[in-house]
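Letter by letter, the chains look like this.
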Amino acid sequence: MPIAPQQTLIRGGEIVTDTRQFRADILIDSEHIAAIAPHIDAPAGCTTVDAREMLIFPGFIDPHVHIHLPFMGTLAKDTWETASKAALLGGTTTLIEMVCPSSSDDPTAALDLWMSNARDRSSCDYSFHMGVTRWDDTTEATLTSIVRRGVASFKVFLAYRGAFGIGDEVLYRTLALARRLGVVVTAHCENETLIAERSRELLAAGRTGPEAHHDSRPPRVEASGVDHLMTFAEMTGAETYIVHLSCAEALERALAARARGVRVGIETLIQYLVLDKEYAERPNFEGAKFVMSPPLRDRSNQAVLWNALRRGDIDTVATDHAPFDFATQKRLGERDFTKIPNGIPSIEERVKVLYGRGVAEGKIDLCTLVRVASTNAAKQFGLHPRKGTVAVGADADLVIFDPRARSTISARTHSSAVDYSAFEGMSVAGAVRDVWMRGARAVEDGRFVGQTGHGQFLARPLQARQ
Ligand code: URP
Ligand code: ZN
Ligand code: ZN
């Protein structure tokens, strides 16, 4: 059901963009920001919202989520209804989902399936990265037509052989095509052979529990994957984006490539900034809740990642939201850690934790928060300036954030369909108070008031990229 257009005046908040902070009123007219000024007179019939002592952020963007995810013999738990509600409650107004076909799936049919799952069900806006999992005579034409539909980015996996993983030939061809089309290739970087061999050795030595997952893919394995992608990017001239970078060693390789001219964006995840490998060592199989790839790392990596965010070396903080239940799905790997469905859900927690552990603890400033959780993703993936900023003419995706409040994270109160939270019991400074999604209120005083189906597919035409 379409939401009636209306005007809303947000009064007296402290607006934060990626470059500055200033106090002003904001007038929303229908779906857009109509005016920003030190004082705006309320037009007749307009709703007025008091935002004094509040921060106002642009709607946050999560450029890496999984919602429909058939993986490791099971299907991720969230639907677009539950995931988009969770996203909005956490201040995220735009999601970019990975389309992950198996190598035997038809890519166009896969994209249609992923799109149909979101259509009429999402309460926030959304877009997709197209997973490339095979190559045949039809692939180039198919991917070209997918890009023309507004899915202007690809995803490749250098890991997960036998599922989404690709070999070097497909990698080269995907990058070469992306270069010709002018689209970015997002990539999961780990060396698959090293993982397979080390996993085999660990299992043979009786190390079957979740704590062995880290040792099957230590930092060197990720750094090797990054090097590999960088070499191929250099040879093809393609623009790349490393997803879920977790550690100092991988960062070093990515920055070295960037320094020699390779075009590479770098994403880390909220999980790597605040959780470490000891979580995956918890007894009674509890560690399985924290199994993801690349794995949670030694705590010493966290300061490296925070510093890289502050310096601008890492561009984005995403979630890689991958919602698998503990009771029924993670337990598939009870006797063999390689069978634990990989991933940690975090779509609702990302901004709260980034603010609470980052801004409130002095690790990053407010503009950096906006840059890494909103603006850079909008720029990287062709959504800026419609998304990712607070400016006249932009979509009225706005978050009123109360820096004086506190919130405690728990699976008992979260909206994702998953039965656990990796951040259970974490108390963080700050709370999302209100959210507007293209001018319509989606969160009011911390309660969801959005509408299923209000979310729109965001086609990302090539000319819109910056
Ligand atoms: O462990 C993870 N990251 N699960 C989701 C799939 C992926 O690799 O992005
Ligand atoms: Zn991945
Ligand atoms: Zn992912």
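As the structure is a computational prediction, the values presented were derived from the model and not from experiment. The residue numbering used here restarts from 1 in each chain and proceeds along that chain's sequence as written. Each chain takes a letter, starting from A, and each ligand takes a number, starting from 1, following the order in which they are written. Residue-level local features of this predicted model are given only where pLDDT is at least 70; pairs of side-chain atoms are given and counted only at 80 or more, and the full residue set underlies all totals for whole chains, interfaces and linings. Side-chain metrics in this entry use all non-hydrogen atoms of the structure; hydrogen atoms and water are not considered.

## Topic: the nonpolar core
If you look at the biggest cluster of nonpolar residues, it comprises 135 residues, and the most contacted ones within it are F57, F154 and L354. Numbering goes from the N terminus for both helices and strands, where a helix is a DSSP run of H or I of at least four residues and a strand is a run of E of at least two. Looking at this core, the element that brings in the most residues is helix α12 (residues 366–380), giving eight residues. The residue makeup of this core includes at least three contributed by each of domain 1 (8–57 + 399–452) and domain 2 (59–380). The contact definition used throughout considers only heavy atoms, calling two residues in contact when any of these lie within 4.5 Å. Those residues in contact with L354 that lie beyond four places of it in its chain are I270, L273, W306, V317, V359, I364, L369, V372 and A373. The term nonpolar core refers to a set of buried residues drawn from Ala, Val, Leu, Ile, Met, Phe, Trp, Tyr and Cys, joined through side-chain atoms within 4.5 Å. Any residue under 20% of the maximum accessible area for its type is buried, any over 50% is exposed, and the rest in between are partly exposed; the area is computed with a 1.4 Å probe on protein chains only. In terms of nonpolar packing, the next biggest core, distinct from the first, is built from 16 residues, A24, V390, L398 and W436 among them. Each domain's extent is set by a domain assignment, obtained either automatically or from a database.

## A word on unusual backbone geometry
Backbone torsion omega between S293 and P294 reads -10 degrees, so that peptide bond is classified as cis. H384 connects to P385 through a cis peptide bond whose omega is 10 degrees. Here P385 is to be found in the loop between α12 and β16 (398–408). You will see that Y160, though not glycine, has its phi angle at about 65 degrees, which is positive. Along the polypeptide, Y160 turns up in the loop between β11 (153–157) and α4 (168–181). A relative accessible area of 14% places Y160 in the buried class. A positive phi angle, near 60 degrees, is found at N284, a position not held by glycine. With respect to the secondary-structure elements, N284 resides in the loop between α9 (270–274) and α10 (300–311). Judged by relative accessible area, which is 68%, N284 ranks as exposed.

## What about helix α5 (residues 192–204)?
If you check α5, its first and last C-alpha atoms are 18 Å apart, about what 13 residues at 1.5 Å a residue would give, namely 18 Å. Within α5 the residues assigned to the buried category are E192, I195, S199 and L202. For α5, the angular spread of buried residues about the axis comes to 95 degrees, placing them on one side. Residues R200, E201 and A204 are exposed on α5 and point more than 90 degrees away from its buried face. Looking at the buried side of α5, the elements it contacts are α6 (212–216) and α7 (219–236). Side-chain atoms alone can form a polar contact between residues adjacent in sequence; in general such a contact is a pair of N or O atoms within 3.5 Å, and within protein one must be able to donate a hydrogen while the other accepts it. N-cap assignment for α5: the residue whose side-chain oxygen lies 3.0 Å from the backbone N of T193 is N191. The first or second residue beyond α5 is G206, which carries a positive phi of 85 degrees. Multiplying 1.5 Å by the helix residue count minus one yields the expected span of that helix. This arc is taken over the directions from the axis of the helix to the C-beta atoms.

## Quick word on the coordination of the zinc ion (ligand 2)
Geometrically, a metal with four donors at the corners of a regular tetrahedron has ideal angles of 109.5 degrees, and one with six donors at the corners of a regular octahedron has ideal angles of 90 or 180 degrees. Coordinating N, O and S atoms are those within 2.8 Å of the metal (3.2 Å for Na, K and Ca), and as water is not part of the atoms, a site may appear to have fewer donors than expected. The protein atoms donating to the zinc ion (ligand 2) are H188 (ND1) and H244 (NE2), with metal-donor distances spanning 2.0 Å. Every donor counted, the four donor atoms about the zinc ion (ligand 2) form angles of 56 to 152 degrees at the centre, which fits irregular coordination. Between the two metal centres, the zinc ion (ligand 2) and the zinc ion (ligand 3), the spacing is 3.9 Å. Of this pair, H188 sits in strand β12 (residues 184–188) while H244 sits in the loop between β13 (239–242) and α8 (248–259), and the two are 56 residues apart along the sequence. Taking the relative accessible area as the measure of exposure, H188 reaches 0% and is therefore buried. For H244, a relative accessible area of 3% puts it in the buried group. Between 85 and 135 degrees for all angles marks four donors as tetrahedral; over 155 degrees for opposite donors together with 65 to 115 for all other angles marks four donors as square planar and six as octahedral; every other arrangement is irregular.

## Remarks on the side chain of T74
Here T74 lies in strand β8 (residues 74–75). A polar atom in the side chain of T74 sits 2.7 Å from the side chain of Q329. Not counting residues up to four positions away in its chain, the partners in contact with T74 are L69, F324, Q329, L332 and P341.

## Quick look at the sheet that holds strand β14 (residues 264–269)
A strand pair is defined by DSSP finding two or more bridges across the two strands. Spatial ordering of the open sheet is given by β6-β9-β10-β11-β12-β13-β14-β15, a layout of eight strands whose pairing is parallel. The outermost strands of the open sheet, each flanked by one partner alone, are β6 (60–65) and β15 (316–318). This sheet shows a mean twist of 30 degrees between the axes of neighbouring strands, independent of strand direction. Inspection of the sheet shows β11 paired to β12 by five bridges, in the parallel sense. Residue pairing in the sheet places S153 in a bridge with V184 of β12. All axes here are fitted lines through C-alpha atoms, helices being fitted over the stretch that makes contact, and every angle between N-to-C directions spans 0 to 180 degrees. On the sheet, helix α1 (residues 80–89) packs against β9 (92–99) and β10 (125–131) and is oriented at approximately 140 degrees with respect to β9. Running at roughly 160 degrees to β10, helix α2 (residues 107–118) makes contact with β9 and β10 of the sheet.

## Some remarks on the pairing of strand β17 (residues 427–437)
β17 sits mainly inside the fold: 10 of its 11 residues count as buried. Here β17 pairs with strand β18 (residues 440–444) via three bridges, running antiparallel. Its bridge partner lying in β18, V435 is registered against V443.

## Some words on the domain arrangement of the protein
Interface size is commonly expressed as the accessible area that is lost once the parts come together. Taken domain by domain, the protein comprises domain 1 (8–57 + 399–452) and domain 2 (59–380). Measuring from the centre of the C-alpha atoms in domain 1 to the corresponding centre in domain 2 gives 27 Å. With 40 residues of domain 1 in contact, the opposing surface of domain 2 contributes 51 residues. Between domain 1 and domain 2, a total of about 3,500 Å² is buried, with carbon and sulfur atoms accounting for 69% of that surface. Salt-bridge detection follows one rule: a side-chain nitrogen of Lys or Arg within 4 Å of a carboxyl oxygen of Asp or Glu. D125 is the partner of R438 in a salt bridge, and the nearest nitrogen-oxygen pair spans 2.7 Å. Inspection of the region where domain 1 meets domain 2 yields eight residue pairs in polar contact (both at pLDDT 80 or more). Put simply, the parts of the chain that give the side of domain 1 that touches domain 2 at least two residues each are β5 (55–58), β16, β17, β18 and β19 (447–448). For the side of domain 1 that touches domain 2, the leading source of residues is β17, giving seven residues. Classifying every residue of the side of domain 1 that touches domain 2 by side-chain character gives 22 nonpolar, 13 polar and five charged. Summed over both partners, the accessible surface that disappears when two parts come together, traced with a 1.4 Å probe, is what is meant by buried area. When residues are sorted by character, Ala, Val, Leu, Ile, Met, Phe, Trp, Tyr, Cys and Pro go into the nonpolar class, Asp, Glu, Lys and Arg into the charged class, and all the rest, Gly among them, into the polar class.

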